[in-house]
Amino acid sequence: RKEVEQDPGPFNVPEGATVAFNCTYSNSASQSFFWYRQDCRKEPKLLMSVYSSGNEDGRFTAQLNRASQYISLLIRDSKLSDSATYLCVVSGDTGFQKLVFGTGTRLLVSP
Amino acid sequence: EAGVTQFPSHSVIEKGQTVTLRCDPISGHDNLYWYRRVMGKEIKFLLHFVKESKQDESGMPNNRFLAERTGGTYSTLKVQPAELEDSGVYFCASSLRTGLGLGEQYFGPGTRLTVT
């Protein structure tokens, strides 16, 4: 079983749509949680950290459920530029932040 | 501020040859990480340096891989001899700090290695 599980997609949505991604993680000792974005043939870039209280950054909202070991990302009012692969990432069972990645969920936003 | 840089961007070598990848972290970042993505799989951790010391090398696949960070600045990752299954994209990342909730990791553009 993978440490971080994500639906690979692709999710095809029209501009303006709301889309949600989920992931689950297996290591209950994980301490830090992130969503990274990766464009085709580019490096991963941090989109946002995820906190138990939930957090929002503009059109993006992330939620963490520690009891269920479940992380979500909601994107509202999708833009063409949101097309990318979204990587669910966990770390921190030792404090040294070795990142454990999911395989990513691909999002395609069309006009 | 310059980001993480990696060299070369692409490398094509034959099985059995040696390749050395280089990573220059963001200036002042003591923490340097190597990750790898092989075709169709997730990005996986290889190892972590704090300055010149190997903090965690649990992800290194075997003894054909040798990472160094002499002087605590740039790092090299040597694969000798390369095998077909070593093909993939090798990412380097750096962070200023570690610790829970700290130390965002900034990734370099990666080196795409193809072993034929």
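Residues numbered from 1 in each chain as written. Chains lettered and ligands numbered in written order. Predicted model: local features only at pLDDT ≥ 70, side-chain atom pairs only at ≥ 80, totals over all residues. Heavy atoms only, no water.

Undergrad: Any chance you could explain the sheet that holds strand β1 (residues 4–6) of chain A here in plain terms?
TA: Think of a sheet as strands paired side by side through backbone hydrogen bonds, with each pair either parallel or antiparallel. Residues and elements named next belong to chain A. Spatial strand order, β1-β3-β8-β7-β6: 5 strands in an open sheet with antiparallel pairing. Only two strands of the sheet have a single partner each, and these edge strands are β1 and β6 (55–57). The average undirected angle you get between the axes of adjacent strands in this sheet is 20°. Strand direction decides the pairing type here: β1 and strand β3 (residues 19–25), joined by 3 bridges, are antiparallel. Paired with Glu 5 across the bridge in β3 is Thr 24. (Pairing = 2+ DSSP bridges. Helix = DSSP H or I, 4+ residues; strand = E, 2+ residues; numbered from the N terminus. Axes fitted to C-alpha atoms, helices over the stretch in contact; angles between N-to-C directions.)

Undergrad: What exactly am I supposed to notice about the sheet that holds strand β8 (residues 75–79) of chain B here?
TA: Residue and element names in this part refer to chain B. Strand order in the open sheet formed by 4 strands is β1-β3-β8-β7, and the pairing between neighbours is antiparallel. The sheet is open, and its two edges are formed by β1 (5–7) and β7 (65–68), each paired on a single side. Strand-to-strand twist across the sheet, computed as the mean angle between neighbouring axes with direction ignored, equals 15°. Of the pairings in the sheet, the one linking strand β3 (residues 19–24) to β8 comprises 5 bridges and is antiparallel in character. Note on β8: the bridge partner recorded for Thr 20 is Lys 78.

Undergrad: What's the story with the interface of chain B and chain A in this structure? I'm lost.
TA: Reports of interface size often rely on the accessible area that becomes lost once the parts have come together. At the junction of the two partners, chain B supplies 25 residues and chain A supplies 20 residues. When chain B packs against chain A, close to 1800 Å² is buried across both sides, 53% of that on carbon and sulfur atoms. Salt-bridge contacts for Glu42(B) lead to Lys2(A); the nearest nitrogen and oxygen are separated by 3.4 Å. Along the contact surface separating chain B from chain A lie 5 residue pairs in polar contact (both at pLDDT 80 or more). The set of elements that each furnish at least two residues to the side of chain B that touches chain A consists of β4 (31–37), β5 (44–50) and β6 (53–56) of chain B. Considering every element that reaches the side of chain B that touches chain A, the biggest residue donor is β4(B), with 3 residues. When grouped by side-chain class, the residues that make up the side of chain B that touches chain A number 9 nonpolar, 9 polar and 7 charged. (Contact = heavy atoms within 4.5 Å. Buried area = accessible area lost by both parts, 1.4 Å probe. Salt bridge = Lys/Arg side-chain N within 4 Å of Asp/Glu carboxyl O. Polar contact = N/O pair within 3.5 Å; in protein donor to acceptor, adjacent residues only side chain to side chain. Nonpolar A, V, L, I, M, F, W, Y, C, P; charged D, E, K, R; others polar.)

Undergrad: Mind showing me how you'd approach the pattern of salt bridges here?
TA: If charged atoms from side chains of opposite charge come close, those side chains can pair. Within this structure, the stated rule accounts for 11 salt bridges over all chains. Lys79(A) is paired through a salt bridge with Asp77(A); the nearest N and O atoms lie 2.9 Å apart. By relative accessible area, Lys79(A) is classed as partly exposed at 32%. Three or more residues are tied together by salt bridges with common partners; here these are Lys2(A), Glu42(B) and Lys44(B). (Buried < 20%, exposed > 50% of the residue type's maximum accessible area, 1.4 Å probe, protein only.)

Undergrad: What's the story with empty space enclosed by the protein in this structure? I'm lost.
TA: With a probe scaled to a water molecule rolled over the atoms, the places where space remains empty come into view. Scanning the model with the defined rule gives 1 cavity of 30 Å³ or more in all. Of the pockets and cavities examined, the largest cavity occupies roughly 30 Å³. Contributing to the lining of the largest cavity are Phe34(A), Tyr36(A), Leu46(A), Gln97(A), Leu99(A), Gly103(B), Glu104(B) and Gln105(B). Split into classes, the residues belonging to the lining of the largest cavity amount to 4 nonpolar, 3 polar and 1 charged. (1 Å grid on protein atoms, 1.4 Å probe; cavity = no way out; pocket = protein on both sides within 12 Å on 5 of 7 lines; lining within 4 Å. Points joined across faces, edges and corners; volume = space filled by probe spheres on them.)

Undergrad: I tried to follow the side chain of Gln69(A) on my own but got confused; where do I start?
TA: Residue and element names in this part refer to chain A. By the secondary structure assignment, Gln 69 is in the loop between β7 (60–65) and β8 (70–75). Given a relative accessible area of 18%, Gln 69 falls into the buried group. Of note is the side chain of Gln 69, whose polar atom sits 2.7 Å from the backbone oxygen of Tyr 25. In contact with Gln 69, not counting residues within four places along its chain, are Cys 23, Thr 24, Tyr 25, Ser 26, Asn 27 and Ser 28.

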